[in-house]
Amino acid sequence: MKHTILSIDQGTTSTRSIIFNENGNIINSFQKESRLLFPKNGWVEHNPNEIILHTIQTASAGISETNDKVDTIGITNQRETTLIWDKKTGKPVCNAIGWEDIRTSEYCAFLESKDFTSLIKNSTGLNINPYFSATKIRWILDSIPDGQNKAENGDLCFGTVDTWIIYNLTKNKLHITDVTNASRTMLLNIHTLKWDKEILRIFNIPLQLLPNVLPSSYDFGVTDPKIFGYEIPITGIAGDQHASMFGHACFEKGMTKCTYGTGAFILTNEGNDPLKLKNYKLLNTIGFQLKQKTFYASEGSVFSTGSAIQWIKDGIKLIKDVSDTNLISEDTKDNGGLYFVPAFNGLGSPHWKTNAEGIITGIKRTTTKYHLIRAALESTAFQIKDVLQASITSSNSNLPIKVDGGQTKNSFLMQFQADILDRTIKVAKTTETTALGVAFIAGLKIGTWNSKDEIKSIIKSKNVFEPKMKSSERDSLYSQWCEAIQKSSLTVK
Ligand code: ADP
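Being a predicted model, the structure only gives us computed values, none of them experimental.

### Thoughts on the overall build of the chain
Point 1. Regarding its fold elements, the chain presents 17 helices and 23 strands.
Point 2. Its C-alpha atoms give the chain a radius of gyration of 22 Å, within 12% of the compact-globule value 23 Å for 493 residues.
Point 3. Looking at the chain as a whole, 61% of its 493 residues are labelled buried.
Point 4. In the chain, once contacts between residues fewer than 6 apart in sequence are set aside, the share between residues at least 24 apart is 73%.
Point 5. The centroid of the 55 positive side-chain charges in the chain is displaced by 1 Å from the centroid of its 50 negative side-chain charges.

### Focus: the pairing of strand S15 (residues 256-260)
Point 1. Most of S15 sits out of view: five of its five residues are buried.
Point 2. With burial as the criterion, each face of S15 is covered, one bearing Thr256, Cys258 and Tyr260 and the other bearing Lys257 and Thr259.
Point 3. Here S15 runs beside strand S16 (residues 264-271); their pairing, made up of five bridges, is antiparallel. Bridging across to S16, Thr256 finds its partner in Thr268.
Point 4. Hairpin connection from S15 to S16: three residues lie between these consecutive antiparallel strands.

### A short note on the site of the ligand
Point 1. Every one of the 15 residues lining the ligand counts as a neighbour, but Thr13, Thr262, Gly306, Gly406 and Asn410 are closest to it.
Point 2. Here Gly306 contributes a backbone N or O atom positioned 3.0 Å from an oxygen atom of the ligand.
Point 3. The separation between an oxygen atom of the ligand and a polar side-chain atom of Gln310 is 3.1 Å.
Point 4. Per-element accounting of the shell around the ligand gives the leading share, four residues, to helix H11 (residues 306-315).
Point 5. When grouped by side-chain class, the residues that make up the shell around the ligand number three nonpolar, 12 polar and no charged.

### Quick notes on the pattern of salt bridges
Oppositely charged side chains are able to pair whenever their charged atoms sit close together.
Point 1. Going through the model one piece at a time under the given rule, you end up with 17 salt bridges.
Point 2. A salt bridge links Lys456 to Asp453, with the nearest nitrogen and oxygen atoms 3.5 Å apart. Remark: Asp453 and Lys456 occur in helix H16 (residues 452-456); sequence separation between them is three residues, near one turn of the helix.
Point 3. The class for Asp453 is exposed, based on a relative accessible area of 54%.

### Structural notes on the domain arrangement of the chain
Point 1. Assigned domains within the chain: domain 1 (4-241) and domain 2 (249-428 + 460-493).
Point 2. On a C-alpha basis, the centroid separation for the pair domain 1 and domain 2 is 26 Å.
Point 3. Tallying the contact residues gives 32 residues for domain 1 and 30 residues for domain 2.
Point 4. When the two sides are added together, the surface that domain 1 and domain 2 hide from each other amounts to roughly 2,500 Å², 57% of it contributed by carbon and sulfur.
Point 5. By the criterion of area lost to domain 2, the three top residues of domain 1 are Lys121, Asn127 and Gln241, representing 22% of everything that side buries.

### Observations concerning unusual backbone geometry
Point 1. The omega angle of the peptide bond from Ser349 to Pro350 is -5°, so this bond is cis rather than trans.
Point 2. Mapped onto the elements of the fold, Pro350 is located in the loop between strand S19 (339-341) and strand S20 (359-361).
Point 3. Phi is positive for Glu80, which is not a glycine, with a value near 70°.
Point 4. Inspection of the secondary structure assignment puts Glu80 in the loop between strand S5 (72-77) and strand S6 (83-86).
Point 5. We classify Glu80 as buried; its relative accessible area is 2%.
Point 6. A positive phi angle, near 65°, is found at Leu193, a position not held by glycine.
Point 7. Structurally, Leu193 is set in the loop between strand S10 (188-189) and strand S11 (194-195).

### A look at the side chain of Ser217
Point 1. Following the sequence through the fold, Ser217 ends up in strand S13 (residues 217-222).
Point 2. By relative accessible area, which is 7% here, Ser217 ends up buried.
Point 3. There is a polar contact of 2.8 Å between the side chain of Ser217 and the backbone oxygen of Ile441.
Point 4. Apart from residues lying up to four places away in sequence, Ser217 is in contact with Thr235, Gln289, Leu290, Ile441, Leu444 and Lys445.

### A few points about the pairing of strand S8 (residues 156-159)
Looking along a regular strand, one sees side chains alternate from face to face of the sheet.
Point 1. Neither face of S8 is exposed, since Leu156 and Phe158 on one face and Cys157 and Gly159 on the opposite face are all buried.
Point 2. Examined bridge by bridge, S6 and S8 share four bridges and lie antiparallel to one another. Note on S8: the bridge partner recorded for Leu83 is Gly159.

### Remarks on the packing of helix H10 (residues 240-247) against helix H15 (residues 433-446)
Point 1. Following both chains from N to C, one finds H10 and H15 inclined at 80°, their axes separated by 7 Å at the closest point. On the basis of the axis angle, H10 is roughly perpendicular to H15. Residue-level contacts link Asp240, Ala243, Ser244, Phe246 and Gly247 of H10 to Thr433, Thr434, Gly437, Val438, Phe440, Ile441 and Leu444 of H15.

### Brief notes about the environment of Gln78
Point 1. Along the chain, Gln78 falls in the loop between S5 and S6.
Point 2. A residue is classified by how much of its surface remains accessible, and Gln78, at 0% relative accessible area, is buried.
Point 3. The spatial distance from the C-alpha of Gln78 to the C-alpha of Asn181 is 9.1 Å, given a sequence separation of 103 residues.
Point 4. In contact with Gln78, other than residues within four places in its own chain, are Gln10, Gly11, Thr12, His46, Trp99, Val161 and Asp240.

### A look at the side chain of Ser34
Point 1. By the secondary structure assignment, Ser34 is in the loop between strand S3 (26-33) and strand S4 (45-46).
Point 2. Given the relative accessible area of 16%, Ser34 is considered buried.
Point 3. Only 3.3 Å separates the side chain of Ser34 from the backbone nitrogen of Ser14, close enough to count as a polar contact.
Point 4. If we skip the residues at most four places from it in the chain, Ser34 touches Gln10, Gly11, Thr12, Thr13, Ser14, Thr15 and Glu50.

### Observations regarding the packing of aromatic side chains
Point 1. Applying the stated criterion across every chain yields a total of 23 aromatic pairs.
Point 2. Taking the centre distance of 6.1 Å and the plane angle of 75° together, the rings of Phe303 and Trp352 count as edge-to-face. With Phe303 in the loop between strand S18 (293-302) and H11 and Trp352 in the loop between S19 and S20, the pair connects residues that are 49 residues apart, well separated along the chain.
Point 3. With relative accessibility at 7%, the residue Phe303 sits in the buried group.
Point 4. A centroid spacing of 5.5 Å and a plane angle of 90° characterise the contact between Phe382 and Phe416, whose relative ring orientation is edge-to-face. Of the two residues, Phe382 sits in helix H13 (residues 369-390) while Phe416 sits in helix H14 (residues 411-421), which places them 34 residues apart along the sequence.
Point 5. Grouping aromatic residues by their ring pairs yields a cluster made of Trp99, Tyr131, Phe132, Phe265, Phe303 and Trp352.
Point 6. Positioned above the aromatic ring of Tyr478, the side-chain terminus of Lys385 is 5.0 Å from the ring centre.

The rules we used
Here the residue index of a chain counts from 1 through its sequence in written order. Confidence filtering applies because this is a predicted model: local features only for residues at pLDDT of at least 70, side-chain atom pairs given and counted only at 80 or more, and all residues used for totals across whole chains, interfaces and linings. Neither water nor hydrogens contribute to the side-chain values; these are computed over all heavy atoms in the structure. Secondary structure is summarised from DSSP: a helix means a run of H or I of at least four residues, a strand means a run of E of at least two, and numbering begins at the N terminus for each. The reference for a compact globule is 2.2 Å times residues^0.38; the radius of gyration itself is calculated from the C-alpha atoms. Think of it in three bands: residues with accessible area under 20% of the maximum for their type are buried, residues over 50% are exposed, and the middle band is partly exposed, with areas taken using a 1.4 Å probe on protein chains only. Contacts are assigned to residue pairs that have any heavy atoms within 4.5 Å of one another. This count recognises Lys and Arg as positive and Asp and Glu as negative, with His and chain-terminal groups excluded. For this purpose, a charge sits on NZ of Lys, CZ of Arg, CG of Asp or CD of Glu. Here a strand pair is declared whenever DSSP counts at least two bridges between the two strands. Being near a molecule or strand, for a residue, comes down to having at least one heavy atom within 4 Å of it. Whenever a nitrogen or oxygen atom comes within 3.5 Å of another N or O atom, the pair is scored as a polar contact, on the condition that within protein one atom can donate a hydrogen and the other can accept it, and that pairs from neighbouring residues in sequence are kept only if both atoms are in side chains. Here the nonpolar group is Ala, Val, Leu, Ile, Met, Phe, Trp, Tyr, Cys and Pro; Asp, Glu, Lys and Arg are the charged ones; every other residue, Gly included, is treated as polar. The term salt bridge refers to a side-chain nitrogen of Lys or Arg lying within 4 Å of a carboxyl oxygen of Asp or Glu. In this document the domain limits rely on a domain assignment from an automatic tool or a database. Summed over both partners, the accessible area lost on bringing two parts together, with a 1.4 Å probe, is the buried area. The angle between two axes is taken between their N-to-C directions and runs from 0 to 180 degrees, where each axis is a line fitted to C-alpha atoms and a helix contributes only its stretch in contact. For this classification, under 35 degrees means roughly parallel, over 145 means roughly antiparallel, 65 to 115 means roughly perpendicular, and everything else is oblique. Aromatic pairs are defined between Phe, Tyr and Trp rings, using the six-membered ring for Trp, whenever the two ring centres lie within 6.5 Å; interplanar angles under 30 degrees are classed as stacked, those over 60 as edge-to-face, and all others as tilted. Put simply, a charge is over a ring when the Lys NZ or the Arg CZ is close to the ring centre, within 6 Å, and near the line of the ring normal, within 35 degrees.

Dropping the structure here:
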């Protein structure tokens, strides 16, 4: 059916509002860069008011540039980032704590020492890690005046970014989230799809602080008419990686997608049964929920991929633009034996070493800055291989891996990725797979599309990269990478 859908994609480095039509084509797109705050080493914050300002500014621009009325809104967002605000005034009690923030790593180590690991894994599918919202919530309640009391009295609201945006777009009416975002808090039982009371007790987090958990495709409510000039229904919510999995039509068991942004996220569809396999190297999570049907996914979260390139540009200023890395790497014969492990925020899947430090190994008299640039790009591909090695039983290795995100613009990296994995890489035609995915989720609810098959028929790939590297070369490069990872882990104090 002919429809106009607004997708709001609130990412780590930017907020985008993109309007799609029923063919999945972009009508217009507006973006604002976000300012990340780094108050201390290992701390990453966002200004909650900036998130709302940029959401409303970009969405209003998109709506006013569109001839047709917007029929529905889908919201997709950086996950785990944690906000707490005053229920009455809607004012945040502090900055949002970003997903990359590791200020609670000591608390996580304490929880592990108390043997909560398998209880938390069995219920939430997650490994105890500062990355998830639960310990960030605890940190905020302990750090603001009278936090615990206020939370217990029901004076505060917790939310991930989706919840925060919806609270604001509905002028404090809706305090809700969807199952995918909830599954990243380390508080949701992914089997029952309810907040886990035992885990809430462990963290001493009162239930009344938490939003209502709903399916990803749902009639959530409408925006306040004063914000965009008329009420617009909200019918789709999904965490960014879940939305991109949907945007790649990874609807069948064994299908894998990878999104390359600040970090990289590899999700494989695991079907409808809650995961029995307890793979501590990967996360078990909710893929998406349509009507009453829940699709599960396994996930590898690699924390620093695009951020390594950003560091090369802004940190040590070796390049002017991140895209320069493409030609430089193609022109540099090989990595000169240099391996760069960008463990800026520790190592995520499959290593899970919170305190691992970034290292560069193999520096020689002949090493140049070009080797370092190439090693930074290669580190992305090696880290994806680490994840797929850990998920070999679930990801179907005969299927191409569907990819999207900022780094897929780099054809050197995509070819190197195909080579190092020995698998076909299919780059999505749209660079906005995440926003498209949540447009699909929202549109399924209002009848823009009636089935997943209809959605599959409109998804296209742009470039396909086939593996060309000899297996001996692949094995040699990868084994040197594994040595570098070992050394990075040795830096753990
Ligand atoms: P996010 O959604 O996490 O904000 P994006 O998908 O917008 O991220 O991707 C941005 C990241 O991709 C940045 O970290 C940037 O360094 C990296 N990036 C963008 N273009 C290129 C390129 N041509 N080559 C390598 N890295 C790139």
